[in-house]
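Topology and contacts: notes
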Amino acid sequence: MTPVGPAGPTPPVPPARPVTPGDAEDGNPLDLENAAPHEIAHRRVGILSGRAWQQTKARDELNAGPQSPIGLAAMYSASGATRPAGTTVAALCGGAIAAAELSGSAFGAIPGAVFDAALASVLLILFVWRPQSASGRLLPVLALVALIRPISLASAVPTLAPLAWYALAGLPLLVGAMLATRLVDEPARELHLRMERPRLDATIAATGILAGLVGYFLLNPTPLLARPSAVGYAAMVAILVVFGGVLEELIFRGLVQNAAIQTLGGTWNGVAFTAALSMALYWGSGSIPYMLLMGVMGCVFGLVLLRGASLWGIALSHGLMLLTIALLAQGLAR
C-alpha cells in the first residue's frame, strides 16, 4: 500500500534517444552513472531536478548581485563605509553620552539615566545591523559606557553602605567589559595586558598617589566608612582597586581607546576622545576642577599606555589615586 491507495503499475517511460551529458537544459552535465532514473526522465522532458534547481537558483542569485539598501538602511550604510563618516558617528554618540551626563544638573539624574539606557539600546542595534562598518567596534563599547550611569543609579540602595554601591554597580559592568574583550582580535597586545616595562608601570602607579593628594583637596569628599574597622578597610581597598581602577581603565583605556584609535584614525584623536568621554562621567562629582583633573589623568594614562606601559600599571595608578582620596577623607574625619 502507498499513502494514496493501492499501488498500480508504473507507466512506462516513452522511448527516447540515449541521454548524454550535454542534454541538461541548465547547462550542467548529467552524471549518467550516479543519476536516479527519475532524474534522467525529468531531464528528457526539460524539467529541472532538485539538484539542478538549486544550482540554477544559486546562479541567478549570483548574477543578480547584492541589492542596494534604501531609506534609513542606505543612510547608515553610507555613513559607516568611510573613516570620516565613522568619525562623525563616534562624535555624535560620544557627545550624546556626555550630554546625558551634563543634563543631570538641569533635569536631574533620572532623565539622563533613561536617555543613556535608550542610547545604549540604539548603539547595540546599530552594531548588530552593521558590525563591519567603520565605527562597528566602537558602538558596543560606547553602549557599555552609556550603561554606567543607569546601573550606578539602580545600585544606590539606601539600606546599604555607599561602599557597597560600587560593588553592586561594578559587577555587571565588569562582566560586560570582559565580554566586550571578545571583540578584540588580540586582547593581550591591543589592550596592553603584558607587563613589558615594569619600571614604567611602577612609576605611573606611584603618580596615582600624587594625583590622589591633589584630588582630595579639589573634591573634599566625605568618608566611605561610617564605622572604620580592619574588615572595612580591606573591603574598601579591594572595591576601589577592582571596581574603580581596573574596571574603569579596562573600559576606557583598554576598550574605548583601542576602538577609538581604529575608528578616528590616529593615536592622538583616540586618546583625546577617550579622555574627554571619561571626564564627562565625573560631572556628577560636583567639582569641575576635579573633573578637569580626571581629564588630564585620562590623557596621561592614554599616552603612557601607548608608550609601553601596561593596562595593569595604569589601573593600579587609578586605584591608588582613589585609595589616597578615600584614606585621607577617612583619616581627617576621625
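Sequence order sets the numbering: in each chain, residues are counted from 1 along the sequence as written. Where local features are concerned, this predicted model is filtered to residues with pLDDT of at least 70; where side-chain atom pairs are given and counted, the filter is 80 or more; whole-chain, interface and lining totals use all residues. Excluding hydrogens and water, the side-chain values take into account all heavy atoms of the structure.

Structural notes on the packing of helix α6 (residues 109-129) against helix α7 (residues 138-146)
How we decide: Between N-to-C directions, angles cover 0 to 180 degrees, with each direction set by a line fitted to C-alpha atoms, over the stretch in contact for helices. For helices the rule is a DSSP run of H or I covering at least 4 residues; for strands it is a run of E covering at least 2, with both sets numbered from the N terminus onward. Note on angle classes: values under 35 degrees are labelled roughly parallel, values over 145 roughly antiparallel, values of 65 to 115 roughly perpendicular, and the remainder oblique. Helix crossings fall into two classes, left-handed where the near helix is turned counterclockwise from the far one by less than a right angle and right-handed where it is turned clockwise. Contacts: residue pairs with any heavy atoms within 4.5 Å of one another.
At their nearest, the axes of α6 and α7 sit 8 Å apart, and the two run at 165 degrees to each other. By the angle between their axes, α6 is roughly antiparallel relative to α7. Here α6 runs over α7; the crossing is left-handed. Residues D116, A120, L123, L124, L126 and F127 of α6 lie in contact with α7, whose contacting residues are L139, P140, L142, A143 and A146.

Re the pattern of salt bridges
Selection rule: By salt bridge we mean one thing: a side-chain nitrogen of Lys or Arg within 4 Å of a carboxyl oxygen of Asp or Glu. Buried residues are those whose accessible area, probed at 1.4 Å on protein chains only, stays under 20% of the maximum for their type, while exposed residues exceed 50% and partly exposed ones sit between those limits.
Overall, the coordinates contain six salt bridges when judged by the stated rule. For the salt bridge of R137 with E190, the shortest nitrogen-to-oxygen distance reads 3.3 Å. One end of the pair, R137, is in the loop between α6 and α7; the other, E190, is in helix α10 (residues 187-190), with 53 residues separating them in the sequence. E190 matches R137 in its accessibility class, with the two residues each being buried. E249 is the partner of R253 in a salt bridge, and the nearest nitrogen-oxygen pair spans 2.8 Å. Separated by four residues within a single helix, R253 and E249 lie in helix α12 (residues 230-264), roughly one turn from each other. On the accessibility criterion, E249 (0% relative accessible area) is buried. Within this structure, R137, D185, E186, R189 and E190 form a network of salt bridges that share partners.

Some words on the packing of aromatic side chains
Put simply, the rule reads: Pairing of aromatic rings covers Phe, Tyr and Trp, the last through its six-membered ring, and needs centres within 6.5 Å; plane angles under 30 degrees mean stacked, over 60 mean edge-to-face, and all others mean tilted.
Under the definition given, this model contains two aromatic pairs. For the pair Y282 and Y290, a centre-to-centre distance of 5.9 Å together with 75 degrees between the ring planes defines the contact as edge-to-face. Exposure class is identical for Y282 and Y290. Each is buried.

Quick notes on unusual backbone geometry
Positive phi, close to 60 degrees, is recorded for H192, a residue that is not glycine. Of note, H192 is situated in the loop between α10 and α11 (198-219). With a phi angle near 50 degrees, N220 is a residue other than glycine that sits in the positive phi range. By secondary structure assignment, the location of N220 is in the loop between α11 and α12. Accessibility expressed as a relative area gives 60% for N220, which makes it exposed.

Observations concerning the confidence of the model for the chain
Spelled out, the test is: Per-residue confidence from the prediction method is given by pLDDT, with values spanning 0 to 100.
Per-chain confidence: the chain averages 79 in pLDDT, with 73% of residues scoring 70 or above. In the predicted structure, residues 1-8 sits below a pLDDT of 50 and forms two contacts with residues beyond four places in sequence or in another chain. The low-confidence segment residues 41-50 (pLDDT under 50) makes 18 contacts with residues lying over four places distant or belonging to another chain.

Details of α6
For an α-helix the count is 3.6 residues per turn, leaving residues at separations of three or four pointing the same way. The condition that has to hold: Given the number of residues in a helix, its expected span is that number minus one, multiplied by 1.5 Å. Note that the arc is defined by the directions from the helix axis to the C-beta atoms.
Between its terminal C-alpha atoms α6 stretches 30 Å, which fits the 30 Å expected from 21 residues at 1.5 Å a residue. Where α6 is concerned, the buried positions are G112, A113, D116, L119, A120, L123, L126 and F127. The buried residues of α6 occupy an angular sector of 140 degrees when projected down its axis, which confines them to one face. In α6, the exposed positions angled more than 90 degrees off the buried face are occupied by I110, V114, I125 and V128.

Some details on the packing of α12 against helix α13 (residues 267-280)
Our working definition: For this classification, Asp, Glu, Lys and Arg are treated as charged, while Ala, Val, Leu, Ile, Met, Phe, Trp, Tyr, Cys and Pro are nonpolar and the rest, including Gly, are polar.
Contact geometry for α12 and α13: axes closest at 8 Å, N-to-C directions at 135 degrees. Compared by their axis directions, α12 and α13 come out oblique. The hand of the α12/α13 crossing is right-handed. For the pair α12 and α13, contact is made by F252, R253, V256, Q257, A260, I261 and L264 and by T267, N269, G270, V271, F273, T274, A275, L277 and S278, respectively. When grouped by side-chain class, the residues that make up the contact of α12 with α13 number nine nonpolar, six polar and one charged.

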